[in-house]
Each structure stands twice: as structure tokens, then as C-alpha cells.
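Coordinate inspection notes
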Amino acid sequence: AAAVAQRGIHLIHLSSDHLYDGPGPSKEDMARPVNVYARTKFEGESAALAVGATVLRTNFVGRSVVPGRRSLSDWMVGCLRTGVPFTVFRDVFFSPLHVSTVCHCIEQAVVSNCGGIFNLGARGGVSKAEFAVILADLLGADRSRMVVGDYFDVAQAVVRPRDMTMAVEKFEAAFGFTLPEIGGEIELLADQYRMG
């Protein structure tokens, strides 16, 4: 942050929806970090904001391009295609965008050069279970090995937020861009897997 400030560069800082823990949809002033990851993200935002950065709190989905590292959807689709049992939570909510949409929104932020904190997510939210069911159905996958459960059904090593859905009106007003509904973003994701 200090380096870009010295050079007159406007910083676009990507942050996380993990700063929220509902009930959502949460507005930008409703941060409630519940673990170390979220607290350090919040501290990072402070450093960026000190130099007038644009902070985008987001969650995105897409196929991983990092060798050996699977995304959330890679894991889900992998389990669906191989018949491996897996559990998805009906009581954990989020409002992710497809990575291509996030990239487009970052371009909007660069052009607009508007500082501050903005939620960058899909309109509406879904549970992780609803997300998995919609994705599976779009892919025509067998859901018989998918277990729909609650967060506390599975032992967790770390406390995680349960409702990360975000209110996105501030972003839309500042950048003149209407964010898409969650269903369309899951369709974009399904298209990635259909194309291989």
C-alpha cells in the first residue's frame, strides 16, 4: 500500500466475504470477523484504505487453474462424477460471482478509480447445499451420494462464518453496473465444466 501510494497508483484490493457472519445480506459496515483469517483480511483492508484504495469484498467460483489445487466447485464436481460421498451445508450461505464476472467488475473499478469498501457478490444468495444441488442438476449429475447436512454435523477445526451473503447496492450505485443474479453465475460455472 505504501509503495503504490508513493507512486500515485490507485490500489484495487481484493478482500473476502468471510468478514461477515449474518444474518445477511450484510452491508459494508457490518463486518464481524469470527476467525484469524477474517481478522487479518480486515487488517489488510485498513492498510489499503489508508492510501485511498478500492476494497472489493468478494467470493468467486470457477475452475482452478492452479496445478494440484482444487476450487470448491472442482471438489463438488469431482465428487459428483466419481460417486464419492460428500456433505454440503444447508445452513451456510454465500453469494459468489463467477470469476469472469469478478474480472469484469475489477475492470469497472479500475476505470472508475473510486476509493472505499464495496461488496462484490451476486444478487441473492444460496446455501452451499443449494449451490451444489443447482450445479449438479445443471450438469445432469447423480446426486445420490451428496449428503445435505448442517454445519455442526461435521467436525470443524476452525470456526467459520455461516452467513456471508452480501448487500451489493453500494457497488452498483458507485460503478453503474447491475450485478447478476446467483442462478446465472452458477450457469456460467456449469458451462465451464461442460466444455471440459
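You'll find the structure just up there.
Residues numbered from 1 in each chain as written. Predicted model: local features only at pLDDT ≥ 70, side-chain atom pairs only at ≥ 80, totals over all residues. Heavy atoms only, no water.

Points about helix 7 (residues 182–194)
- With 13 residues, helix 7 should reach 18 Å at 1.5 Å per residue; the first-to-last C-alpha distance of 19 Å fits that figure.
- Taken as a whole, helix 7 has its buried residues at Ile182, Glu185, Ile186, Leu189, Ala190 and Tyr193. Buried residues of helix 7, seen end-on, are gathered within an arc of 145° and therefore sit on one face of the element.
- Contacts from the buried residues of helix 7 go to strand 3 (60–61), helix 3 (72–82), strand 6 (97–98), helix 4 (99–112), strand 8 (126–127) and helix 5 (128–139).
- Of the residues one or two after helix 7, glycine 196 is the one with positive phi, at around 80°. (Helix = DSSP H or I, 4+ residues; strand = E, 2+ residues; numbered from the N terminus. Expected span 1.5 Å × (residues − 1). Buried < 20%, exposed > 50% of the residue type's maximum accessible area, 1.4 Å probe, protein only. Arc of directions from axis to C-beta. Contact = heavy atoms within 4.5 Å.)

Side note on unusual backbone geometry
- Residues glycine 22 and proline 23 are joined by a peptide bond in cis, for which omega reads 0°.
- In this fold, proline 23 is placed in the loop between strand 1 (12–16) and helix 2 (36–49).
- A cis amide bond, omega 5°, links glycine 24 with the succeeding residue proline 25.
- Phi is positive for asparagine 113, close to 55°, though the residue is something other than glycine.

Some details on the state of the cysteines
- Following the criterion strictly, the structure yields zero disulfides and no others.
- No disulfide involves cysteine 114; its sulfur sits 14 Å from the nearest other cysteine sulfur, which is in cysteine 105. (Disulfide = S-S within 2.5 Å.)

Description of the environment of alanine 129
- Structurally, alanine 129 is set in helix 5.
- Taking the relative accessible area as the measure of exposure, alanine 129 reaches 5% and is therefore buried.
- For the pair formed by alanine 129 and valine 88, sequence separation is 41 residues and the distance between their alpha carbons is 4.8 Å.
- Excluding anything up to four places from it in sequence, alanine 129 contacts Val88, Phe89, Arg90 and Val148.

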